[in-house]
Amino acid sequence: MTLTNQNIEQLLQLCKSGDQHAQMEVYNRYYKAMYNTAFRIVKDSFEAEDIMQDSFLTAFTKLDSLKEIKTFGSWLKRIVINNSIYHYKKNNKYDDVPLDDVLYKVEDHSGIVENDGFTSLKANQILETMKSLKDNYRMGLTLHLIEGYDYEEMCKIMNITNANCRTLISRAKESLRKKLEPLAS
């Protein structure tokens, strides 16, 4: 049986024993999604790639600490999100340039599948509009709406209280709605 035919549990067992071919197969299965996750937070292609690769290295070296092998994908995504937020905060700590003034290039449609022209156009408009939101609004909406985290998980990731999280998401949605209104008419 080739590595491409093996399920993730079998591959991860091989990875635990240091099989580099199995690690490469796991990488190939997850790298696009993990890159997109990192890119949506840090908004820099090169940095997102570095974060993604560092996250894979972390995951492969700490595979023994993974309690449930079936949760590998979400565990890896959590590593990527935590690393992305850490790098984002570190790099923007002394940055005085408002991110709204900087244009970003999206190279892979941010993970949107191009199956319906109208739907994907609207989704792309929403994603583009989200980029113009304040950083904490953009990050909160990305974690909640795109990555699917609930409020409790977001509180831990963003290191804020539950009340602050709910207020943040509410205000972010309202801000996004206001920015989308001119596009709807």
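In this text the structure is predicted, and so the values were computed from the model without any measurement. (Residues numbered from 1 in each chain as written. Predicted model: local features only at pLDDT ≥ 70, side-chain atom pairs only at ≥ 80, totals over all residues. Heavy atoms only, no water.)

If you tally the helices and strands in the protein chain, you get 8 helices and 0 strands. Traced from its N-terminal end to its C-terminal end, the protein chain shows the element sequence α-α-α-α-α-α-α-α. Relative to its 185 residues, the protein chain shows a buried fraction of 40%. Here the protein chain has roughly 11200 Å² of accessible surface; of this, 52% comes from carbon and sulfur atoms. (Helix = DSSP H or I, 4+ residues; strand = E, 2+ residues; numbered from the N terminus. Buried < 20%, exposed > 50% of the residue type's maximum accessible area, 1.4 Å probe, protein only. Areas by Shrake-Rupley, 256 points an atom, 1.4 Å probe, with all protein chains shown as cover.)

A cluster of like negative charges, contributed by Asp44, Glu49, Asp50 and Asp54, occupies part of the molecular surface. As for its position among the elements, Asp44 is in the loop between helix 2 (20-42) and helix 3 (45-61). When its relative accessible area of 33% is taken as the criterion, Asp44 is described as partly exposed. (Patch = residues over 30% accessible without salt bridge, like charges linked within 9 Å, V, L, I, M, F, W, Y side chains within 5 Å. Salt bridge = Lys/Arg side-chain N within 4 Å of Asp/Glu carboxyl O. Lys, Arg positive; Asp, Glu negative; His and termini not counted. Charge placed at Lys NZ, Arg CZ, Asp CG, Glu CD.)

A few words on the side chain of Thr142. With respect to the helices, strands and loops of the structure, Thr142 is situated in helix 6 (residues 135-146). On the basis of relative accessible area, Thr142 is assigned to the buried category, the value being 4%. Within the structure, the side chain of Thr142 is placed 2.8 Å from the backbone oxygen of Arg138, a separation counted as a polar contact. Dropping the residues within four chain positions of it, Thr142 is found in contact with Arg40, Met130 and Glu147. (Polar contact = N/O pair within 3.5 Å; in protein donor to acceptor, adjacent residues only side chain to side chain. Contact = heavy atoms within 4.5 Å.)

For the rest of this paragraph, the subject is the packing of aromatic side chains. In the structure shown here, the tally under the stated rule is 6 aromatic pairs. Taking the centre distance of 5.3 Å and the plane angle of 10° together, the rings of Tyr27 and Tyr31 count as stacked. With Tyr27 and Tyr31 both in helix 2 and 4 residues apart, the pair spans about one turn of that helix. Note on Tyr31: relative accessible area 30%, which makes it partly exposed. Ring centres 5.9 Å apart and planes at 20° place the aromatic pair Tyr35 and Phe39 in the stacked group. (Phe/Tyr/Trp six-rings, centres within 6.5 Å; stacked < 30°, edge-to-face > 60°.)

What follows covers the pattern of salt bridges. Side-chain pairs of opposite charge can arise where the charged atoms are in close proximity. The tally for this structure, following the rule as stated, stands at 6 salt bridges. As a salt-bridge pair, Glu147 and Lys77 come within 2.7 Å of each other at their nearest N and O atoms. Taken together, the residues span a long stretch of sequence, with Glu147 in the loop between helix 6 and helix 7 (151-158) and Lys77 in helix 4 (residues 72-92) at a distance of 70 residues. Relative accessible area serves as the criterion here: at 9%, Glu147 is assigned to the buried category. Bridged by salt links that share partners, the residues Arg40, Lys77 and Glu147 form one connected network.

Phi angles above zero are rare outside glycine, and Lys43 is one such case at about 55°. Along the chain, the position of Lys43 falls in the loop between helix 2 and helix 3. A positive phi is found at Asn159, a non-glycine position, where the angle reads about 60°. Assignment of secondary structure puts Asn159 in the loop between helix 7 and helix 8 (162-184).

Counted by the stated rule, this structure contains 0 disulfides. Between Cys155, a cysteine without a disulfide, and Cys165, which holds the nearest cysteine sulfur, the sulfur-to-sulfur distance is 4.1 Å. (Disulfide = S-S within 2.5 Å.)

Time to look at the environment of Arg78. Its place among the elements puts Arg78 in helix 4. Remark: the alpha-carbon pair of Arg78 and Met34, spanning 44 residues in sequence, is separated by 9.7 Å. Look past the residues within four positions of Arg78 in its chain and what remains in contact with it is Tyr149, Glu153, Lys156 and Ile157.

Turning our attention to helix 7. Within helix 7, the full set of buried residues consists of Tyr151, Met154, Cys155, Ile157 and Met158. At the N-terminal boundary of helix 7, the capping side chain belongs to Asp150, with an oxygen 3.3 Å from the backbone nitrogen of Glu152. Just past helix 7, the residue Asn159 takes up positive phi, approximately 60°.

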